[in-house]
Protein chains: 2
Amino acid sequence: MRLSDSIESFIKTLLSQEETEVELKRNELAEYFGCAPSQINYVLATRFTLDDGYVIESRRGGGGYIRIVRVVESGQQRLAYLINERIGSAISEEEAVRLIGQLVQQQVVTLEEGEIMRAAVSSQALAVPVPDAMKDALRARSMKCMLTAIARQNRSAAKG
Amino acid sequence: MRLSDSIESFIKTLLSQEETEVELKRNELAEYFGCAPSQINYVLATRFTLDDGYVIESRRGGGGYIRIVRVVESGQQRLAYLINERIGSAISEEEAVRLIGQLVQQQVVTLEEGEIMRAAVSSQALAVPVPDAMKDALRARSMKCMLTAIARQNRSAAKG
DNA sequence: TCGTTTCTGACTATCTTTGACCAATAACAT
DNA sequence: ATGTTATTGGTCAAAGATAGTCAGAAACGA
């Protein structure tokens with residue numbers, strides 16, 4: 001298993017169930033995993049972004065720390081936020097993939113639905129000769145349309 | 001026996017019995033067969049296509065891998081037909097909606113999934129300043145990508 | 001021979017890990 | 001209070017580790 005994956009699981013285990021936040025010492029964690037401290041930042045930057053549903057806070061100096069907070073909100077709240085604020089008029093594939101992953105995680109949509117959505121906004125789906133900016137705009141529209149359709153379905157939680 | 005054939009059998013042996021997917025390291029496999037790594041890609045491209053009933057996933061970088069997933073034949077054939085023949089390089093919204101309706105009817109996808117797909121290929125989702133012909137091409141690509149994602153979900157093992 | 005299939009290697013793209021240098025904060029000395 | 005030093009965490013670019021692509025060479029079959 002990849003080091004990054006191990007660190008990711010480790011942190012997510014700490015965040016399981018009730019715990020909605022953890023506080024860590026970067027150097028300690030790095031030492032525990034026998035890696036460079038900056039590796040921790042890499043993991044946070046690639047797997048604990050706001051789009052993934054996490055907020056990171058930290059402090060330097062003596063007694064410094066890194067706090068990871070898991071954001072909790074209802075499916076409808078999340079959908080409204082994505083549609084009205086987050087997505088805007090353009091979005092990259094990477095960002096879209098993260099947002100969709102988060103929806104699956106929070107069981108707002110099923111894994112299958114998430115995969116369909118990912119496919120719809122993949123670079124492969126948009127592989128036509130138009131500028132990248134246009135693709136990002138198309139992706140944003142597509143995402144918002146799909147999310148709106150989901151919001152209309154008025155579900156409490158995704159079905160298994 | 002040809003190298004490609006050997007590699008093909010080797011992989012299919014791993015996939016025989018109950019296993020519905022295998023994960024490989026491209027370089028290791030190439031070393032094992034004493035060939036160029038790209039040979040592996042050739043085998044996958046020519047013998048493990050969706051038509052053949054397989055879907056490939058992979059990741060680069062440290063700890064990278066190639067995963068080969070065997071999908072259900074029944075649904076796979078219909079999807080492969082849609083992907084490779086029915087939907088050409090362009091499709092109108094009306095036609096797409098009709099196809100999606102059929103898939104829902106035949107319970108290949110759920111009603112919710114169908115609505116998400118419709119949203120993704122709706123004229124609203126494609127409301128950007130590009131020629132209509134381009135929109136039909138985009139819709140075709142989007143449909144094919146989504147259908148491929150659905151085929152991928154149809155693993156031999158049980159699913160929801 | 002000629003067209004197709006197989007195979008390779010050079011080049012490219014992507015993901016991970018590290019290390020050197022930077023920035024902020026706390027603790028301490030004056 | 002103020003300046004200095006110790007203690008953290010942050011950034012970024014480079015190196016390492018994989019996989020993908022594609023054009024052309026090689027092998028094969030009709």
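In case you missed it, the structure is sitting above this.
First, a word on scope: everything that follows refers to the structure included in this document. (Residues numbered from 1 in each chain as written. Chains lettered and ligands numbered in written order. Predicted model: local features only at pLDDT ≥ 70, side-chain atom pairs only at ≥ 80, totals over all residues. Heavy atoms only, no water.)

Description of the overall build of chain A
Each helix and strand counted, chain A has seven helices and three strands in total. The secondary structure elements of chain A, listed N-terminal to C-terminal, are α-β-α-α-β-β-α-α-α-α. Along the first, second and third principal axes, the C-alpha set of chain A runs to 50 × 40 × 30 Å. Counting over 160 residues, chain A shows a buried share of 47%. (Helix = DSSP H or I, 4+ residues; strand = E, 2+ residues; numbered from the N terminus. Buried < 20%, exposed > 50% of the residue type's maximum accessible area, 1.4 Å probe, protein only.)

Observations regarding the pairing of strand S2 (residues 54–59) of chain B
Both S2 of chain B and strand S3 (residues 65–70) of chain B contribute to a ladder of six bridges, which runs antiparallel. Looking at the pairing, arginine 59 of chain B lines up with tyrosine 65 of chain B of S3 of chain B. (Pairing = 2+ DSSP bridges.)

A word on the interface of chain B and chain A
Each partner contributes residues to the interface: chain B has 30 residues there, and chain A has 30 residues. At the surface where chain B touches chain A, the tally comes to zero salt bridges. For the side of chain B that touches chain A, the elements supplying multiple residues, two or more each, are helix H6 (111–121) and helix H7 (132–153) of chain B. Per-element tally for the side of chain B that touches chain A: the top contributor is H7 of chain B, with nine residues. The residue makeup of the side of chain B that touches chain A, split by class, is 17 nonpolar, eight polar and five charged. (Contact = heavy atoms within 4.5 Å. Salt bridge = Lys/Arg side-chain N within 4 Å of Asp/Glu carboxyl O. Nonpolar A, V, L, I, M, F, W, Y, C, P; charged D, E, K, R; others polar.)

Topic: the protein's contact with DNA strand D
Residues in contact with DNA strand D amount to 29 residues; listed here are only the nearest, Arg26, Asn41 and Arg60 of chain A together with Asn41 and Arg60 of chain B. At 3.3 Å, a side-chain N or O of arginine 2 of chain B approaches a sugar or linking oxygen of DNA strand D. Contact between DNA strand D and glycine 61 of chain B: a base oxygen at 2.9 Å from a main-chain N or O atom of the residue. Listing elements by their share of the surface near DNA strand D, those giving two or more residues are helix H2 (26–33), helix H3 (37–47), strand S2 (54–59) and strand S3 (65–70) of chain A together with helix H2 (26–33), helix H3 (37–47), S2 and S3 of chain B. A breakdown of the residues in the surface near DNA strand D according to their chemical character gives four nonpolar, 16 polar and nine charged. (Near = heavy atom within 4 Å. Polar contact = N/O pair within 3.5 Å; in protein donor to acceptor, adjacent residues only side chain to side chain.)

Things to note about the protein's contact with DNA strand C
Not every one of the 26 residues close to DNA strand C is listed here, only the nearest: Tyr42 and Arg59 of chain A together with Ser4, Tyr42 and Arg59 of chain B. Among the atoms of DNA strand C close to the protein, meaning within 4 Å, 63% are from sugar or phosphate groups. A distance of 2.4 Å separates a phosphate oxygen of DNA strand C from a polar side-chain atom of tyrosine 42 of chain A. In this structure, arginine 60 of chain A approaches DNA strand C through a side-chain N or O atom, which is 2.7 Å from a base nitrogen. For the surface near DNA strand C, the secondary-structure elements that each account for two or more residues are helix H1 (3–14) and H3 of chain A together with helix H1 (3–15) and H3 of chain B. For the surface near DNA strand C, the per-class residue count stands at eight nonpolar, ten polar and eight charged.

Describing the sheet that holds S3 of chain A
Residues and elements named next belong to chain A. In spatial order, the strands read S1-S3-S2; together these three strands make up an open sheet with antiparallel pairing. With partners counted over all chains shown, the strands left at the sheet margins are strand S1 (21–24) and S2, one partner each. Mean inter-strand twist for the sheet, computed between neighbouring axes without regard to direction, equals 15°. Sheet topology note: the S1/S3 ladder contains four bridges and is antiparallel. Note on S3: the bridge partner recorded for leucine 24 is isoleucine 66. Across the sheet, H1 lies against S1, S2 and S3, angled at about 125° from S1, the strand it touches most. (Axes fitted to C-alpha atoms, helices over the stretch in contact; angles between N-to-C directions.)

Here's the deal with the nonpolar core
Within the largest apolar cluster, 53 residues are counted, with the highest numbers of intra-cluster contacts made by Met143, Met146 and Leu147 of chain A together with Met146 and Leu147 of chain B. Ranked by the residues each element gives to this core, the list is headed by H7 of chain B, at eight residues. Setting aside chain neighbours within four positions, we find leucine 147 of chain B in contact with Leu79, Leu82, Ile83, Ile87, Leu103 and Met117 of chain B. (Core = buried A, V, L, I, M, F, W, Y, C linked by side-chain atoms within 4.5 Å.)

Re H3 of chain B
All names here are of chain B. Listing the buried residues of H3 in full gives Ile40, Val43, Leu44 and Arg47. Buried residues of H3 fall within an arc of 100° about the axis and therefore sit on the same side. Elements that come into contact with the buried residues of H3 comprise H1, H2, S2 and S3. (Arc of directions from axis to C-beta.)

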